Amino acid sequence: MAARLLVAALALSTVVGSVSAVPAAAELDYSVSVDLAGTGPAISDTMYGIFFEDINRAADGGLYAELVQNRSFEYDRVDNAAFTPLTSWAPVAGSGTVEVLDDAARLNERNRRYLRLGLPAGVINAGYNSGIRVEQSKTYDFSVWARTDAPAGTPLTVALTDPAGQNLAPPLRLTVRGDTWTRYTGTLSARTASITGRLLVSGGGAGTLRLDVVSLFPRDTYKNRPNGMRRDLAEKVAALHPGFIRFPGGCLVNTGSHAGYEAPNFERRRSYQWKDTVGPVEQRATNANFWGYNQSYGLGYYEMFQFAEDIGAMLLPVVPALVTGCGQNRATDDPALLQRHIQDTLDLIEFANGPVDSTWGRKRAEMGHPRPFGLTHLEVGNEEVLPDEFFARFSQFRASIAARYPDVTVISNSGQDDIGATFDRLWRLNRDAGVSMVDEHYYNSPTWFLSNNRRYDSYDRNGPKVFLGEYASLDNRFRNALAEASYLTGVERNADVVKLVSYAPLLANEDYVQWRPDMIWFNNRAVWGSASYEVQKLFMTSKGNQVVPSTATGSPSTMEPITGAVGLSTWGTAASYDDVRVTSAGGAELFADDFSGTDAQWTNIAGRGSWAVSNGAYVQSDTAAENTMVRAGDAGWRDYDLNVKATKLSGREGFLVGFGVKDSNNYYWWNIGGWGNTQTAVEKATGGGKEIMVADSTRVDTGRAYDVRIQVRGRNVQLFLDGQKWGEFTDDKVVEPFRQVVTRDRTTGEVTLKVVNDQPDAARTAVDLRGAPVERTARVTTLRGDPDDVNTQFTAPIAPVESRVDVAGTFTYTFPPNSVTFIRIKPRS
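Residues numbered from 1 in each chain as written. Predicted model: local features only at pLDDT ≥ 70, side-chain atom pairs only at ≥ 80, totals over all residues. Heavy atoms only, no water.

## A few points about the pattern of salt bridges
Pairing between side chains becomes possible if they bear opposite charge and their charged atoms approach one another. All told, the structure shown has 51 salt bridges when counted by the stated rule. For Glu66, the salt bridge is made with Arg71, and the minimal N-O distance between the two is 2.7 Å. We classify Glu66 as buried; its relative accessible area is 5%. When its relative accessible area of 7% is taken as the criterion, Arg71 is described as buried. (Salt bridge = Lys/Arg side-chain N within 4 Å of Asp/Glu carboxyl O. Buried < 20%, exposed > 50% of the residue type's maximum accessible area, 1.4 Å probe, protein only.)

If you want it as structure tokens, here you go:
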């Protein structure tokens, strides 16, 4: 890489600690100027928060400390095709009848199933992951709802064992008396540790024993809360010092039925409805989690309000807007149901803030918290892609909330992408209506984050504020964390526009993963932070409360033209392609295939799909396969026209035509009729992560042949559909590897220079501190590593390293390659 413009040579100051050990690499020259006397935007105390959604077993089997899986025997094939009411349970050898029933003998109407044992009989629960984690000398609280028809009662034995049946704690012995549901409790004190523990519950004698809500909690929950949080996981979250918790979703909020868990249908696939999640746990309704498992709602709204308070954060609820998203994309047209949900939202605010003599304030007090929680923000909806339908309903929520609770900030959203027709339409609606805050979501490649650092520089300072409620670079490697760190310097610089920020998702149980990347990983015995966790923690605990004006030199850009082969692909769709022709800018033919012969010119670089030449066309027939890219041509092609005829045959989406194709992870494609045939966009893939270049709401008709033409000139691309120009973009954003921002803590006066050097070269930097005297020595915190480094349970190469540096009005510092560095500079007394 060429050397940068050399700034005035300065004597290199002494660096104490491991940061000085810069590996052999080129040193590139930059300069940073800081105006210590200047003031920039204020940074909200709650700017950085977390987004908790029950995905990847984040709640049951995760933060919620319950150790028994399927404690109420409510698992169902509706939740997951592999589930039965006895999932995670097994009969003890030699038992009598063991069956799950749903009849009039149930515990209550909202906890409908129970376990019936024909005595003598017993069952064993395997917990989550490898089993129940049992720690030596720790106490475990057991409880169960039970009833028996044995006149003299039924002896009940409860034991913690290993898989071979050896006791890990002295057994607990109880006696169940009477044929009405009663809660029985006891404790188990572990003598032996295990990560493969089992809970054995057995009844003796004769007759019938019924059991429900079989529960085992560690006594040692976070803050020792009953029905509380797993301590080590909660402590990992608390160490971030988040200002808010966005909860409960995500796709849990805007998918499924908006009806209640009520007779006669007892709908299981429901949007997350807060009243299902409060009150006694044995009376909370079950639900099918959108991510493919069951939600017990043991961790509900009350527990999350309490957890937020315990870690010094505010809870930011998200409620359904009665428009589904996440691929479902339907508007519920039921005025009475809409009004019920609006009233439920008003009741939620009363539950959080109301006095103890109000209906829902009394419920909160009965659950153990007479003092209000102090809710200040609430979001309606999540990633809706039907903008007008959503906004009509959002407006009714907003008006009702404003009428009764004018001090609560009501947050809207801008769909599921950072660009496109839905994004533009929703922003226009929100802006015209004077909405206070708009939630943006995007998951993109590292390149996108590096090249969009100035995204918020041009946002209207007088328009709605931004809540960046979900974002991540699409992997858990250090290169992704570096890109996120670089992006956050731009977010902080625009703290007058971006008021709230939360990475997503927060948690992932390594044995139950539906989505990655994730910030914190865990299993039943360990918790570890990803590289992104370390970056988030550094920014969240060092944000300051005011931006300090600063400037930096950049890196020279060498923009190469778009080059690459061509490609065809599908996504959950069968499609037919014909008459592929590629010509140079001068009209010379580079490639042609009318599929009158074989497909020898094409290579399936995705390794998916079922491609074959059929009736003079190239057909991909597997409607379940996603990203079935086949490639043809020369990776060195540039400045060309691609023409192809494309027809959707069946399936849920349209078709994809690739250009600038390097390999299966690096390409552009025109996604025509994507996202469930709701929009059309050009996406750029870099390292497997995609970003949208241009988009609109074009859809495709099944069975109709479309003429597709893509014209590539340099870094400009024009796109034509059936002879009409559809769109155009120029991919000319600079991928700048050196970014910085400076913030101040107005209480202490400490200034933090935050520098991200996302390149393999060290950055020798002249730092000019102007406008105020500073102490000579500053504290340095550095994250550095190989871009492919991944933190795991057993090794964490990405971890903060502390050192010190001598600073004066002007000093030189060499920022290591692939690093995030915070230099904390104190004012001179």
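## Notes on the nonpolar core
Counting residues in hydrophobic clusters, the biggest one holds 118 residues, and the most contacted among them are Phe52, Ile245, Phe307, Leu507 and Val820. Those residues in contact with Leu507 that sit more than four places away from it in its chain are Phe52, Ile55, Asn56, Ala58, Leu63, Leu233, Val237, Asp518, Ile520 and Phe522. Tyr577, Phe591, Ala646 and Phe659 belong to the second largest nonpolar core, which has 38 residues in total. (Core = buried A, V, L, I, M, F, W, Y, C linked by side-chain atoms within 4.5 Å. Contact = heavy atoms within 4.5 Å.)

## A few points about the packing of aromatic side chains
For any pair of aromatic rings, geometry is given as the distance between the ring centres together with the angle between the planes. In the structure shown here, the tally under the stated rule is 54 aromatic pairs. Centroid distance Trp637 to Tyr640: 5.9 Å. Interplanar angle 65 degrees. Geometry classified as edge-to-face. Assessed through its relative accessible area of 11%, Trp637 is described here as buried. The exposure class assigned to Tyr640 is buried, which follows from its relative accessible area of 1%. One aromatic cluster in this structure is built from Phe52, Phe247, Tyr272, Trp274, Tyr297, Tyr301, Tyr302, Phe305, Phe351, Trp360 and Phe373. Here Arg57 stacks its cationic end above the ring of Tyr512, 5.4 Å away from the centre of that ring. Sitting over the ring of Phe266, Arg112 keeps its end group 3.8 Å from the ring centre. (Phe/Tyr/Trp six-rings, centres within 6.5 Å; stacked < 30°, edge-to-face > 60°. Lys NZ or Arg CZ within 6 Å of the ring centre and 35° of its normal.)

## Digging into the pairing of strand E6 (residues 114-118)
Along any regular strand, the residues point their side chains to alternate faces of the sheet. Counting buried positions over the five residues of E6 gives four, a clear majority of the element. With four bridges joining them, strand E5 (residues 98-101) and E6 adopt antiparallel strand pairing. Bridging across to E6, Val100 finds its partner in Leu115. In terms of strand pairing, E6 meets strand E14 (residues 208-218) through four bridges, oriented antiparallel. Within the sheet, the bridge partner assigned to Leu115 lies in E14 and is Leu211. (Helix = DSSP H or I, 4+ residues; strand = E, 2+ residues; numbered from the N terminus. Pairing = 2+ DSSP bridges.)

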